[in-house]
Amino acid sequence: MSQTQALKVRLALLCVLAGVVLALVAVVTDHWAVLSPRAEPRRNASCQAAHFGLWRICTRRIDPGDGRDSSCGPIALPAEKNCSYFRHFNPGESSEIFEVTTQKEYSISAAAIAIFSLGFVIAGTICALLSFGKTRDYLLRPAAMFYAFAGLCIFVSVEVTRQSVKRMIDSEDTVWIKYHYSWSFACACAAFVLLFLGGLALLLFSLPRMPQNPWESCMDAEPEH
């Protein structure tokens, strides 16, 4: 592998590393979406907002907004926080808003796909580390494919979560009327871009040099190591 090609490979791996970190942050945190219910008409009445991730939901009982709309106040306001894992992951916990069958299936699907993504990341990292040995540059290609697959899984998990939130807001079984996606969701989106594009770039940069002239055969090309 030439010095120029090696530099490109390192840059692609750096991009992938950033994607791996963002993917891990997105999977383990619980700020994918923020839900806001309708505030009580009584003055100074408290309301319960929530934010959730792939594994658990956290609720906050806070004061309502300033009266300009019917939604609850910002979830960033100081309030008592109560977090619990989804009941389908931990039967001892309580998370009523996700007990609707459709929401439960969406939640399990998003979490399972995220786990597949982390599995692809681990496999890609193992291949990438082994490729640093002599005559093992070929391991960069399966590593690149694993990283690209990890990015695709993160994208699917993001889309499943997005559909879950939309159906929850539209459902008559919940009190939530407003929502917005938070920083964990943004981390997942950025992880998809970095992992997928970084994986494709790594695959492209790790390929052997193709013949530059019609009379140059593949056997005459420069060796990879």
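As the structure is a computational prediction, the values presented were derived from the model and not from experiment.

Here is what the cut-offs are and how they apply
- Residues numbered from 1 in each chain as written.
- Predicted model: local features only at pLDDT ≥ 70, side-chain atom pairs only at ≥ 80, totals over all residues.
- Heavy atoms only, no water.
- UniProt positions renumbered as here; feature names shortened; annotations may be inferred.
- Helix = DSSP H or I, 4+ residues; strand = E, 2+ residues; numbered from the N terminus.
- Buried < 20%, exposed > 50% of the residue type's maximum accessible area, 1.4 Å probe, protein only.
- Contact = heavy atoms within 4.5 Å.
- Core = buried A, V, L, I, M, F, W, Y, C linked by side-chain atoms within 4.5 Å.
- Patch = residues over 30% accessible without salt bridge, like charges linked within 9 Å, V, L, I, M, F, W, Y side chains within 5 Å.
- Areas by Shrake-Rupley, 256 points an atom, 1.4 Å probe, with all protein chains shown as cover.
- Salt bridge = Lys/Arg side-chain N within 4 Å of Asp/Glu carboxyl O.
- Expected span 1.5 Å × (residues − 1).
- Axes fitted to C-alpha atoms, helices over the stretch in contact; angles between N-to-C directions.
- Parallel < 35°, antiparallel > 145°, perpendicular 65-115°, else oblique.
- Left-handed = near helix turned anticlockwise from the far one by under 90°.
- Nonpolar A, V, L, I, M, F, W, Y, C, P; charged D, E, K, R; others polar.
- pLDDT = per-residue confidence, 0-100.

### Quick look at the UniProt feature "transmembrane region" (unreviewed entry) in the protein
With numbering matched to this structure, UniProt assigns "transmembrane region" (unreviewed entry) to residues 12–34, 108–132, 144–161 and 181–205. In residues 144–161, helix accounts for 100% and strand for 0%; the two terminal C-alpha atoms are 26 Å from one another.

### Looking at the environment of Gly19
By the element assignment, Gly19 lies in helix H1 (residues 3–28). Residue class for Gly19 comes out buried when judged on its relative accessible area of 0%. In sequence terms Gly19 and Gly151 are 132 residues apart; their C-alpha atoms lie 8.3 Å from each other. Once residues within four sequence positions are removed from consideration, Gly19 is found in contact with Ala191, Leu194 and Leu195.

### Observations regarding the side chain of Ser117
Along the chain, Ser117 falls in helix H2 (residues 101–130). Looking at Ser117, the relative accessible area reads 0%, which means it is buried. Beyond its immediate sequence surroundings of up to four residues, Ser117 is in contact with Ala150, Cys153 and Ile154.

### A closer look at the nonpolar core
By size, the foremost hydrophobic cluster in this structure holds 34 residues, and its most contacted members are Trp32, Leu54, Tyr147, Leu195 and Leu202. With eight residues, the next largest nonpolar core counts Leu35, Ala50, Phe52 and Ile169 among its residues.

### Here's the deal with a nonpolar patch on the surface
Together, Leu7, Leu11, Leu14, Leu17 and Val21 make up a nonpolar patch on the protein surface, roughly 490 Å² of accessible area in all. Here Leu17 shows up in helix H1.

### Some words on H1
Since the α-helix packs 3.6 residues into each turn, any two residues three or four apart lie on the same face. End to end, H1 covers 38 Å across 26 residues, agreeing with the expected 38 Å (1.5 Å per residue, within 8%). Considered for burial, the residues of H1 that qualify are Gln5, Ala6, Val9, Ala12, Leu13, Val16, Gly19, Val20, Ala23, Ala26 and Val27.

### Structural notes on the environment of Ala190
Looking at the element boundaries, Ala190 is found in helix H4 (residues 183–206). Counting along the chain gives 36 residues from Ala190 to Ile154, while the straight-line C-alpha distance between them is 9.7 Å.

### Some words on the environment of Leu54
Note that Leu54 resides in the loop between strand S2 (47–52) and strand S3 (56–62). Look at Leu54 and you get buried, because its relative accessible area is 3%. Here the alpha-carbon distance between Leu54 and Val28, two residues 26 residues apart in the chain, equals 7.8 Å.

### Considerations on the packing of H1 against H4
Interhelical geometry of H1 versus H4 gives an angle of 155° and a closest axis separation of 7 Å. For the element pair H1 / H4, the angle class is roughly antiparallel. With respect to the hand of their crossing, H1 and H4 are arranged in left-handed fashion. In the contact of H1 with H4, the residues fall into 21 nonpolar, six polar and one charged.

### Thoughts on the confidence of the model for the protein
In the predicted model, the protein carries a mean pLDDT of 77, and the fraction of residues at 70 or more is 66%. Across the protein, element-level confidence peaks in H4 with a mean pLDDT of 93 and bottoms out in strand S4 (residues 80–85) with 68. Overall, residues 65–69 carries pLDDT values under 50, and its contacts beyond four positions in sequence, including any with other chains, amount to four contacts.

### With respect to the side chain of Ser206
Tracing the backbone through its elements, the reader meets Ser206 in helix H4. Residue classification places Ser206 among the buried residues on the basis of a relative accessible area of 1%. With residues up to four places along the chain from it excluded, the contact list for Ser206 reads Gln5, Val9, Leu140 and Arg141.

### Some thoughts on the pattern of salt bridges
Per the counting criterion, the structure on display carries two salt bridges. A salt bridge links Asp30 to Arg56; the shortest N-O distance between them is 2.5 Å. One end of the pair, Asp30, is in the loop between H1 and strand S1 (33–37); the other, Arg56, is in strand S3, and 26 residues separate them in sequence. Glu159 is the salt-bridge partner of Arg162, the closest N and O atoms lying 2.8 Å from each other. With Arg162 and Glu159 both in helix H3 (residues 140–170), this residue pair falls three residues apart, about one helical turn.

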